[in-house]
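So you can see what is in the structure, the chains are spelled out below.
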Amino acid sequence: MPATVGEEAAHDITGECRLHYPHENNVICSFDGGKLRLIAENNYDPEGLNLMDEFSDTISAYIAELFDGTIRLVGIEKRVD
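For clarity, every value in this text was computed on a predicted model and none was experimentally measured. (Residues numbered from 1 in each chain as written. Predicted model: local features only at pLDDT ≥ 70, side-chain atom pairs only at ≥ 80, totals over all residues. Heavy atoms only, no water.)

### A few points about the nonpolar core
Here is step 1 of the chain: Core analysis: the biggest nonpolar cluster contains 14 residues, and Ile-13, Cys-17, Cys-29, Leu-36, Leu-38 and Phe-55 have the highest contact counts within it.
Here is step 2 of the chain: Mapped by element, the contributors of at least two residues to this core are α1 (3–20), β1 (25–32), β2 (35–41) and α2 (49–63).
Here is step 3 of the chain: Leave out the neighbours within four places in its chain, and Cys-29 touches Ala-10, Ile-13, Thr-14, Leu-36, Arg-37, Leu-38 and Phe-55. (Core = buried A, V, L, I, M, F, W, Y, C linked by side-chain atoms within 4.5 Å. Buried < 20%, exposed > 50% of the residue type's maximum accessible area, 1.4 Å probe, protein only. Helix = DSSP H or I, 4+ residues; strand = E, 2+ residues; numbered from the N terminus. Contact = heavy atoms within 4.5 Å.)

### Things to note about the packing of α1 against α2
Here is step 1 of the chain: Across the interface, α1 lies against α2 with an axial gap of 10 Å and an inter-helix angle of 125°. The angle between the axes of α1 and α2 places the two elements in the oblique class. Every pair of crossing elements has a handedness; the one defined by α1 and α2 is right-handed. Of the residues in α2, those touching α1 at Ala-9, Asp-12, Ile-13, Glu-16 and Cys-17 are Phe-55, Thr-58, Ile-59, Tyr-62 and Ile-63.
Here is step 2 of the chain: Per-class residue counts for the contact of α1 with α2 are seven nonpolar, one polar and two charged. (Axes fitted to C-alpha atoms, helices over the stretch in contact; angles between N-to-C directions. Parallel < 35°, antiparallel > 145°, perpendicular 65-115°, else oblique. Left-handed = near helix turned anticlockwise from the far one by under 90°. Nonpolar A, V, L, I, M, F, W, Y, C, P; charged D, E, K, R; others polar.)

### As for unusual backbone geometry
Here is step 1 of the chain: Residue Asn-26 is not a glycine yet carries a positive backbone phi of 50°.
Here is step 2 of the chain: Tracing the chain through its elements places Asn-26 in strand β1.
Here is step 3 of the chain: The class of Asn-26 is exposed, set by a relative accessible area of 54%.

### A look at the side chain of Asp-45
Here is step 1 of the chain: Examined against the element boundaries, Asp-45 turns out to sit in the loop between β2 and α2.
Here is step 2 of the chain: Of the polar contacts made by the side chain of Asp-45, one reaches the backbone nitrogen of Leu-49; its length is 3.3 Å.
Here is step 3 of the chain: Not counting chain neighbours up to four residues away, the residues in contact with Asp-45 comprise Asn-50 and Leu-51. (Polar contact = N/O pair within 3.5 Å; in protein donor to acceptor, adjacent residues only side chain to side chain.)

Structure below.
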């Protein structure tokens, strides 16, 4: 992803996820080193597959023509209450 659009894309994706995916909490999308990173909390998607799908949807909606990478799940942390 070009650095010239990365910060704006991260901001737009954060807003889109917060607005249209209310079941995801504390959503933050950031841009660093040419990569977008999405972090969110939820209590229904233990494998992170739904969140990956939602992230893919927002990338398609906002920056499809500039994105030539892949989406991968980096990790899942389970909360201990």
